[in-house]
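# Results of the structural survey
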Amino acid sequence: MQFIDLAAQQKRIRGAIESGWRRILDHGQYIMGPEIGELEEKLAAFTGVPFAVAVASGTDALLMPLMVEEVGPGDAVFTSTFTFIATAEVIRLLGATPVFVDIDPETFNIDPANLEEAIRRVRSEGKLNARGIIPVDLFGQPADYPAIQTLAARHGLFVLEDAAQSFGARQRGKKAGALAKVAGTSFFPAKPLGCYGDGGMIFTDDDSLREQLLSIRVHGQGIDKYTNVRVGINGRMDSLQAAVLLAKMEIFPEEIELRQGVANRYERRLAGVVKTPRILEGNISAWAQYSVLHPRRDEIIGRLRRNGIPTAIYYPIPLHLQEAFSGLGYRRGDFPVAEKIAGEVFSLPMHPYLQEDEQERICALIAGGQ
Ligand SMILES: *Cc1c(COP(=O)(O)O)cnc(C)c1O
C-alpha cells in the first residue's frame, strides 16, 4: 500500500502530460514558456484572486513576499511552532527573528490567544519590531483567519498565508490562497496539487506587490533581465512542471471531493478509537494529511508497518526545539500543546484513490490490534 498513490493518479492524466511535454519539446521554451502564464491565469481564477505568480518552490513562495515586505534583522515575524521547517526558515534566511506561537489542540493551527500574547510581549519588550504573521493551514485546514486578521489590523502587521498544504481548501466560501493579502502554496509532489519536481505559486490581490514579485523572481530585474533594480533570486518555475499542473488541474476539483470522502470514512470508523481531526465550522480541508492522535502511537504505527501499511509523523519535533533555531533561546515546556501533540500525532495513508477495502484494513488494524 502507498502512503500517497501518485501512480493511480498518473494513469488518469498520462496522455495529457505527454502531449503537454511534447509541446514544450517542440517550442523549446523550457524557462518561462507559455505554460507558465496559462497556469497562473488558471490558478488565479480557481483561487478567486486577481494575481498568481508561479515560482520554483513553496519555500520561494514564502520567501519572496517577505522580501517584498523588506523583512530583515531586528524584525519579528510570528508563526506556528508546529509546521514544516520552511515556514520559519524563510524568516531566518532574511535575518529576521521567527517568534513561535503554540497551537490550538483541536485544529493544530496557530492559537489566536497565544498569538496575541506573543505580539503584546514583543511589543512591550521593545527589542524587536513586530512586522507580520505567517499562519499555516496545517494538514489542509485553513487557520483561524477572522481572528488572525483582527489581530493583524490592530497591531499593523502583514499576514502571509502559508497555504502549502491547503491548496483546494476553503474557509467561509473563500479558497485557501485568498485568505490573506498574500499567500504561498507548494506543488511538491506529495501536496494536494503536486507537480513532478519542485514548484510553487504566490497569490495576491495587490498589483504593486505582484510587480515586485515578478522582479524578484528574475534576479530583481527592471525593464529587462540585465537591468537590476533590487536584489532578487532565481525563483522561476519550469515550463515542464507547469504542464504537469495544467493536466492535473483538470481532475483536481474532483480529487478534492474524493479526499473528503476518504476523510469521512476514516472519521466514521476511527472516531473514539484514536483522536480524529476536527474541522472548524466554515472550513473545508484539502486533506493534505489525515493526522490522528494516540498516546500509544508507536505501538499502532509498528502494527501497521508489520502489515505493510505506511504512516508518517508530521511533526516529531516542534520548530522551537529544532537545533537550527537553538540560538533563539526556546526551551522544552515553552509550548506545551505542540510538544504533547508532537508525541502523539501520526498520519495515515491519504490520497484520492484510496479504496474502501484498504481503508477498512487500516482501521481494523488500528482498532483491533494483532
Ligand atoms: C511543503 C511546505 C512548504 C515548502 O514547500 P516546498 O515546495 O517543499 O519548498 C512550506 N510550508 C509548509 C507548511 C509545507 O508543508
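Criteria and cut-off values
Residues numbered from 1 in each chain as written. Predicted model: local features only at pLDDT ≥ 70, side-chain atom pairs only at ≥ 80, totals over all residues. Heavy atoms only, no water. Domains from an automatic or database assignment. Buried area = accessible area lost by both parts, 1.4 Å probe. Polar contact = N/O pair within 3.5 Å; in protein donor to acceptor, adjacent residues only side chain to side chain. Helix = DSSP H or I, 4+ residues; strand = E, 2+ residues; numbered from the N terminus. Nonpolar A, V, L, I, M, F, W, Y, C, P; charged D, E, K, R; others polar. Pairing = 2+ DSSP bridges. Axes fitted to C-alpha atoms, helices over the stretch in contact; angles between N-to-C directions. Patch = residues over 30% accessible without salt bridge, like charges linked within 9 Å, V, L, I, M, F, W, Y side chains within 5 Å. Areas by Shrake-Rupley, 256 points an atom, 1.4 Å probe, with all protein chains shown as cover. Salt bridge = Lys/Arg side-chain N within 4 Å of Asp/Glu carboxyl O. Buried < 20%, exposed > 50% of the residue type's maximum accessible area, 1.4 Å probe, protein only.

Along its sequence, the protein chain is carved into domain 1 (6-249) and domain 2 (252-366). Spacing between the C-alpha centres of domain 1 and domain 2 amounts to 23 Å. In total, about 3,500 Å² of surface goes out of reach between domain 1 and domain 2, with carbon and sulfur atoms giving 63% of it. In this assembly, domain 1 and domain 2 are joined by 23 residue pairs in polar contact (both at pLDDT 80 or more). Looking at the side of domain 1 that touches domain 2, the elements with two or more residues in it are α1 (6-27), α4 (85-93), β3 (97-101), β6 (170-171) and α8 (239-249). Considering each element in turn, the side of domain 1 that touches domain 2 owes the most residues, five residues, to β3. Partitioning the side of domain 1 that touches domain 2 into residue classes produces 21 nonpolar, twelve polar and ten charged.

Here we take up the sheet that holds strand β9 (residues 200-204). If you walk across this open sheet you meet the seven strands as β1-β9-β8-β5-β4-β2-β3, and the pairing is mixed. Each end of this open sheet is capped by a strand with a single partner; those strands are β1 (51-55) and β3. Ignoring which end each strand starts from, the neighbouring axes of this sheet average 25° apart. With five bridges joining them, strand β8 (residues 182-186) and β9 adopt antiparallel strand pairing. Bridging across to β9, Val-182 finds its partner in Thr-204.

In space, the three strands of this open sheet follow the order β7-β6-β10, with antiparallel pairing throughout. At either end of the open sheet lies a strand with only one pairing partner, and these are β7 (174-175) and β10 (283-284).

A few words on a nonpolar patch on the surface. Together, Leu-25, Tyr-30, Ile-31 and Met-32 make up a nonpolar patch on the protein surface, roughly 380 Å² of accessible area in all. Within the element layout of this structure, Tyr-30 appears in the loop between α1 and α2 (34-47). Using a relative accessible area of 43% as the deciding quantity, one classes Tyr-30 as partly exposed.

Of all eleven residues in helix α3 (residues 58-68), ten are buried; the element is thus mostly enclosed. If you check which residues of α3 are buried, you get Gly-58, Asp-60, Ala-61, Leu-62, Leu-63, Met-64, Pro-65, Leu-66, Met-67 and Val-68. Measuring from the side-chain oxygen of the N-cap residue of α3 to the backbone nitrogen of Thr-59 gives 3.3 Å; that N-cap residue is Ser-57. Glu-70 sits one or two positions beyond α3 and adopts a positive phi of about 55°.

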